[in-house]
Amino acid sequence: MDWMEMFFQGWNGIVRAVIVGTLAYMFLVVSLRVSGKRTLAKLNAFDLVITVAFGSTLASILLSKDIALAEGAAALILLILLQYGVTALSVRSKTFARAVRSEPTLLLRDGEPLHQAMRKSRVTQEELETVIRTEGRRGFEDVSAVILESDGSFSVVDGTGKGRAEHSGAGT
């Protein structure tokens, strides 16, 4: 094993990474700006998958000598078009929207935990208590509702029905 090759394999790879990486990054930023805000919206699991795919594709373009910049750009455009198509179909079809987007889940109503909804959402009583404490409430009786939003955050509705606070965090 050549120990030096583990740390440095020559200037060609470094120059390629700098040039292709910079161009691919600029292409991705411009493409995302052109495609609109919804492309990276924090709304559902599909958006997360697309975001991870963007990062993976960019890394592949940057590090793989077998992927030309044009091929990588085509892959990024494909991901953006797929995301656009999914969001367009979601707006036009409630059935399709339900298939790719989760709906908010009511976990607590009028101070009473909804155990079946909690179980289905994989949220424990301790997590629910933590969300309520984080919002500065003493207990379930001080809260009108807790909702697990489709992006994984929690919304806490004040027991008086007058206020609403959001707590970021996901159920496990």
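One structure accompanies this document, and this report is about it.

Cut-off values and rules
Residues numbered from 1 in each chain as written. Predicted model: local features only at pLDDT ≥ 70, side-chain atom pairs only at ≥ 80, totals over all residues. Heavy atoms only, no water. Helix = DSSP H or I, 4+ residues; strand = E, 2+ residues; numbered from the N terminus. Contact = heavy atoms within 4.5 Å. Buried < 20%, exposed > 50% of the residue type's maximum accessible area, 1.4 Å probe, protein only. Arc of directions from axis to C-beta. Salt bridge = Lys/Arg side-chain N within 4 Å of Asp/Glu carboxyl O. Core = buried A, V, L, I, M, F, W, Y, C linked by side-chain atoms within 4.5 Å. Pairing = 2+ DSSP bridges.

## A look at the overall build of the protein
1) Next: Looking only at helices and strands, the protein has seven helices and five strands in total.
2) Next: From first element to last, N terminus to C terminus, the protein shows the α and β order α-α-α-α-α-β-β-α-α-β-β-β.
3) Next: Sequence separation of at least 24 residues holds for 46% of the intrachain contacts in the protein that already meet a minimum separation of 6.

## Quick notes on helix 7 (residues 125-134)
1) Next: Listing the buried residues of helix 7 in full gives Leu-128, Val-131 and Ile-132. The buried residues of helix 7 occupy one face: seen down the axis, they fall within an arc of 95°. Opposite the packed face of helix 7, turned more than 90 degrees from it, sit the exposed residues Glu-126 and Arg-133.

## With respect to the pattern of salt bridges
1) Next: A full pass over the atoms with the stated rule returns one salt bridge.
2) Next: Here Asp-142 and Arg-138 are joined by a salt bridge, their closest N and O atoms 3.3 Å apart.
3) Next: Looking at Asp-142, the relative accessible area reads 19%, which means it is buried.

## What about the environment of Ile-77?
1) Next: With respect to the element layout, Ile-77 can be found in helix 4 (residues 69-92).
2) Next: Each C-alpha atom, one on Ile-77 and one on Ser-31, is 7.4 Å from the other, the two residues being 46 residues apart in sequence.

## Focus on unusual backbone geometry
1) Next: Although it is not a glycine, Asp-110 sits at a positive phi angle of roughly 50°.
2) Next: Looking at the element boundaries, Asp-110 is found in the loop between strand 1 (105-109) and strand 2 (112-113).
3) Next: The phi angle at Arg-122 is positive, at roughly 60°, despite the residue not being glycine.
4) Next: With respect to the secondary-structure elements, Arg-122 resides in the loop between helix 6 (115-121) and helix 7.
5) Next: The exposure class assigned to Arg-122 is exposed, which follows from its relative accessible area of 57%.

## Describing the nonpolar core
1) Next: With 14 residues, the main nonpolar core has Leu-107, Leu-108, Leu-128, Ile-132, Val-143, Val-146 and Phe-154 as its most contacted residues.
2) Next: Among the secondary structure elements, those contributing two or more residues to this core are strand 1, helix 6, helix 7, strand 3 (143-148) and strand 4 (154-158).
3) Next: Aside from chain neighbours lying at most four places away, what touches Leu-128 is Leu-107, Leu-108, Pro-113, Met-118, Val-123, Phe-140 and Val-146.
4) Next: If you look at the next biggest cluster of nonpolar residues, it comprises eleven residues, including Val-20, Leu-32, Leu-58 and Ile-61.

## Concerning the environment of Val-86
1) Next: Mapped onto the fold, Val-86 is located in helix 4.
2) Next: Counting along the chain gives eleven residues from Val-86 to Ala-97, while the straight-line C-alpha distance between them is 8.4 Å.
3) Next: Ignoring any residue separated from it by four or fewer positions in sequence, one finds Val-86 in contact with Phe-46, Phe-96 and Val-100.

## Comments concerning the pairing of strand 4
1) Next: Here strand 4 lies mainly inside the structure; five of its five residues are buried.
2) Next: Note: strand 3 against strand 4, five bridges, orientation antiparallel. Within strand 4, the position partnered with Val-143 by the bridge is Asp-158.
3) Next: A loop of five residues connects strand 3 with strand 4, the two strands running antiparallel in sequence, and Gly-152 in this loop sits at a positive phi of about 95°.

## Re the environment of Val-123
1) Next: Among the structural elements, Val-123 can be located in the loop between helix 6 and helix 7.
2) Next: Separated by 16 residues in sequence, Val-123 and Leu-107 place their C-alpha atoms 8.5 Å apart.

## A short note on the pairing of strand 1
1) Next: As paired elements, strand 1 and strand 3 share four bridges and run antiparallel to each other. Residue pairing in the sheet places Leu-108 in a bridge with Val-146 of strand 3.
2) Next: Sheet analysis places strand 1 next to strand 2, joined by two bridges and oriented antiparallel. What sits directly across from Leu-108, in strand 2, is Pro-113.

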